[in-house]
Amino acid sequence: MIRFEHVSKIYPNGAVGLDDVSLEIEQGEFVAIIGLSGAGKSTLLRAINRMHDITGGTLLVDEHNVPALKGRSLRRFRRNIGMIFQSFNLVTRTTVIKNVLMARVPDMPFWRTLLGAFKREDKILALECLDKVGILDKAYIRADQLSGGQQQRVALARTLAQNPQIILADEPVAALDPVTAKQVMEDFVRINRDMGISILINIHHVELALTYAKRIIGIRAGKIVFDGPSADVTQDVLDTIYEGHIPQSEGEMP
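Thresholds, definitions, all that
Residues numbered from 1 in each chain as written. Predicted model: local features only at pLDDT ≥ 70, side-chain atom pairs only at ≥ 80, totals over all residues. Heavy atoms only, no water. Pairing = 2+ DSSP bridges. Helix = DSSP H or I, 4+ residues; strand = E, 2+ residues; numbered from the N terminus. Contact = heavy atoms within 4.5 Å. Axes fitted to C-alpha atoms, helices over the stretch in contact; angles between N-to-C directions. Buried < 20%, exposed > 50% of the residue type's maximum accessible area, 1.4 Å probe, protein only.

Caption draft 1: Structural view of the sheet that holds strand β5 (residues 64-65). One open sheet holds the four strands; their spatial order is β2-β1-β4-β5, and the pairing between them is antiparallel. Edge positions in the sheet fall to β2 (16-25) and β5, since each has one partner strand and no second. Where strand β1 (residues 2-10) lies against β2, six bridges are found, and the strand directions are antiparallel. Paired with Val7 across the bridge in β2 is Val21. Here helix α1 (residues 41-48) sits on the sheet in contact with β1, β2 and β4 (56-61), set at roughly 125° to β1.

Caption draft 2: Highlighting α1. Here α1 lies mainly inside the structure; six of its eight residues are buried. Those residues of α1 lying buried are Lys41, Thr43, Leu44, Leu45, Ala47 and Ile48. Phi turns positive, to about 60°, at Arg50, one or two residues after α1.

So, in structure tokens, the structure goes:
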């Protein structure tokens, strides 16, 4: 479970990232976070794995008091949380499987890391993760030879190789064409359904959020203004979240 209790985040310049946020997310949920740029979507997401420190309130993840974690306990905590970015963050000049294997490095002795001597079971796990996202046939191809959608799937496979309980995805389909974006969203749905991993996605594409996520959290100026099933999102709800400025191409109800 992820629990925010009256959480606030104020940046050094005085900007408010989160304003008295309280919510709970159960294990195994698929949640999309929507709102205008600067509304606090990324701040909410990144507070969960403490990429951003909160400035007030309580944030618990599986009963871990996130703001209190330090050093080894923080690193161990983060091993259970996968993070996917818009930019993929791959080593493009090496093979796909080596990119996925990088997820195993924190659990390896230094000498294995230095020599790149991955265990057989790690290699099998990496191949299984690539199979789960449908690109097993690309395992020994250099990452820079893949399309954007394929590279995002490599990033997702690398995250799965961590064996996470939670996946946080910060605009994972923003750089992809519409067809590829739907394919990646379908990967998230399958992983959530088949593996029981909690998935939280910060996303600008409202139609994709409503189509694939079971729960929508709408954030406006750091406040939660909607939290409920995607089926309950109406045009009035969208107008509230987006202050009436949602682009028509994104705001059309499916």
